[in-house]
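Chains, contacts and geometry: an overview
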Amino acid sequence: MKIKILVPIYNDWQSASKLLDEINNNISDLDHEISVIIVNDASTHDRQEEQKDFKNIHSIKILNMNINQGHTRCIATGLKYIFEKEDFDYVIPMDGDGEDRPEEVKEFINQIQNSNDKPIVGKRVKRSEGLFFKLCYEFHKLITLTFTGKSVKFGNFTCLPRATVEKMINEKATWNSFSGSLVKIEKDLFEIPSIRGNRYFGPSKMSFMNLLKHSLSIISVFKKAVLFRSAFFIVIYIFLIKSYASILTSFPLVLLLAMIYSISSLALRENMDEYDKALSTINDIDQIK
């Protein structure tokens, strides 16, 4: 099989170098053609040239973007590039900082024969962040399930067959939320357990505000369901509090309206015209192996 590992990077070249080392070490006994494609999100730090022999990695390319467009759109652009320019059977998107553990790449590949061509997702069973972040993450999953009816317990770390990649690049939601888009287009996912690793260098970039935006982006993919469920909630809630109306009891309605406004704004990011032109934002390509 021909497998492409897709890694978005912004400035964190030290982590990218270590990740390539770890991938190379962990795929040593796999009899497949495994390549790595890095999407450089218009980094402001230069990559240091290194002379390394990644003997187990078939090829390594760096797509240098001419504008910074964010993690999700880098993955979306990478998927489009791979589908249109590369010969492949599966794509494994993963973070470049060590939080998606390279040792699990081997498990994804080993599970391909059991997946029956379904997308394989890494269901988070353990996280490395602090208690506050973990509580926020659980709340994010609960809110997502409540307002969309969808249970999203995975991130970008997945293994996508060619047929799914084709669906992803023809779905405008991919330009806004990777996991939301995948849940939207694929009803049957093959889950394997995944442990969130520690960053190789520096603190995690997933702050509370980034987690909030990530959560609302997923929810925005299912905006019609959200609007319907929200309207139902508002009617029921007003009926329940009509005898106790006050600023305090109105607060949940204010929060709900703020959420609806936020997801409506984020849903505008789903722009198929922009996605169709994604490859034009690639400035040049470095072939480092």
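Along its length, the protein carries 11 helices and eight strands. Reported as C-alpha extents along the three principal axes, the dimensions of the protein are approximately 75 × 35 × 35 Å. Among the 289 residues that make up the protein, the fraction classed as buried is 50%. When contacts within the protein are restricted to residue pairs at least 6 apart in sequence, long-range pairs at least 24 apart make up 84% of them. With the model as given, the accessible surface of the protein reaches about 14,500 Å², and the carbon-plus-sulfur share is 55%.

Assignment of secondary structure puts isoleucine 109 in helix α3 (residues 103-110). Accessibility expressed as a relative area gives 4% for isoleucine 109, which makes it buried. For isoleucine 109 and isoleucine 120, which are 11 residues apart along the polypeptide, the C-alpha to C-alpha distance reads 9.4 Å. Among all residues touching isoleucine 109, those that are not within four sequence positions of it are Ile3, Leu30, His32, Ile34 and Ile92.

What follows covers the pattern of salt bridges. On inspection of all chains with the given rule, the structure shows 23 salt bridges. For aspartate 100, the salt bridge is made with arginine 124, and the minimal N-O distance between the two is 2.6 Å. Residue aspartate 100 is found in the loop between β4 (90-93) and α3, and its partner arginine 124 is found in strand β5 (residues 120-126); the two are separated by 24 residues along the sequence. Just as aspartate 100 is buried, arginine 124 falls in that class too.

In this section: the nonpolar core. With 33 residues, the main nonpolar core has Leu6, Leu79 and Val165 as its most contacted residues. Secondary structure elements with two or more residues in this core: β2 (33-40), β3 (60-65), α2 (71-85), α6 (162-169) and α7 (178-185). The residues contacting leucine 6, other than those within four sequence positions of it, are Ile37, Val39, Ile75, Gly78, Leu79, Ile82, Val91, Ile92, Pro93 and Met94. Among the nonpolar cores identified, the runner-up in size contains 30 residues, and Ile3, Ile27, Val36 and Ile60 belong to it.

When you line up the elements, tyrosine 200 lands in the loop between β7 (190-195) and α8 (208-220). Through-space distance from the C-alpha of tyrosine 200 to that of asparagine 25 is 16 Å; in sequence the pair is 175 residues apart. Excluding residues that lie within four positions of it along the chain, tyrosine 200 makes contacts with Ser15, Lys18, Leu19, Glu22, Gly96, Asp97, Gly98 and Pro102.

Right, let's talk about the packing of aromatic side chains for a bit. What the rule picks out here adds up to four aromatic pairs. An angle of 75° between the planes, with centres 4.7 Å apart, marks the rings of phenylalanine 108 and phenylalanine 157 as edge-to-face. With phenylalanine 108 in helix α3 and phenylalanine 157 in the loop between α5 (131-148) and β6 (158-161), the pair connects residues that are 49 residues apart, well separated along the chain. Like phenylalanine 157, phenylalanine 108 is buried. Centroid distance tryptophan 175 to tyrosine 275: 5.1 Å. Interplanar angle 20°. Geometry classified as stacked. With tryptophan 175 in the loop between α6 and α7 and tyrosine 275 in helix α11 (residues 272-276), the pair connects residues that are 100 residues apart, well separated along the chain. The exposure classification of tryptophan 175 matches that of tyrosine 275, with both residues buried. For lysine 18, the ring lying beneath its charged end belongs to tyrosine 200, and the centroid distance is 5.3 Å. Lying over the aromatic face of tyrosine 275, lysine 80 brings its terminal NZ or CZ to 5.7 Å of the ring centre.

Before going further, it helps to examine the environment of leucine 266. Mapped onto the elements, leucine 266 comes out in helix α10 (residues 247-267). Expressed as a C-alpha distance, the spacing of leucine 266 and glutamate 191, which sit 75 residues apart in the sequence, is 28 Å. The residues touching leucine 266, leaving out its near neighbours within four places in the chain, are Asn176, Lys213, Leu216, Ser217 and Ser220.

Along a regular strand, successive side chains alternate from one face of the sheet to the other. Along strand β1 (residues 2-9), seven of the eight residues are buried, which leaves the element largely enclosed by surrounding structure. Here eight bridges tie β1 to β2, and the two strands are oriented parallel to one another. Bridge assignment links isoleucine 9 to a residue of β2, and that residue is asparagine 40. Handedness of the crossover is the feature at issue here: the chain leaves β1, passes through helix α1 (residues 13-26), returns alongside β2, and the resulting connection is right-handed. In the sheet, β1 pairs with β4 via four bridges, with the strands oriented parallel. Looking at the pairing, isoleucine 5 lines up with isoleucine 92 of β4.

Cut-offs used in this document
- Residues numbered from 1 in each chain as written.
- Predicted model: local features only at pLDDT ≥ 70, side-chain atom pairs only at ≥ 80, totals over all residues.
- Heavy atoms only, no water.
- Helix = DSSP H or I, 4+ residues; strand = E, 2+ residues; numbered from the N terminus.
- Buried < 20%, exposed > 50% of the residue type's maximum accessible area, 1.4 Å probe, protein only.
- Contact = heavy atoms within 4.5 Å.
- Areas by Shrake-Rupley, 256 points an atom, 1.4 Å probe, with all protein chains shown as cover.
- Salt bridge = Lys/Arg side-chain N within 4 Å of Asp/Glu carboxyl O.
- Core = buried A, V, L, I, M, F, W, Y, C linked by side-chain atoms within 4.5 Å.
- Phe/Tyr/Trp six-rings, centres within 6.5 Å; stacked < 30°, edge-to-face > 60°.
- Lys NZ or Arg CZ within 6 Å of the ring centre and 35° of its normal.
- Pairing = 2+ DSSP bridges.
- Right-handed = clockwise from strand over helix to strand, strands pointing away.

Function cannot be read off these values alone, since they describe shape.
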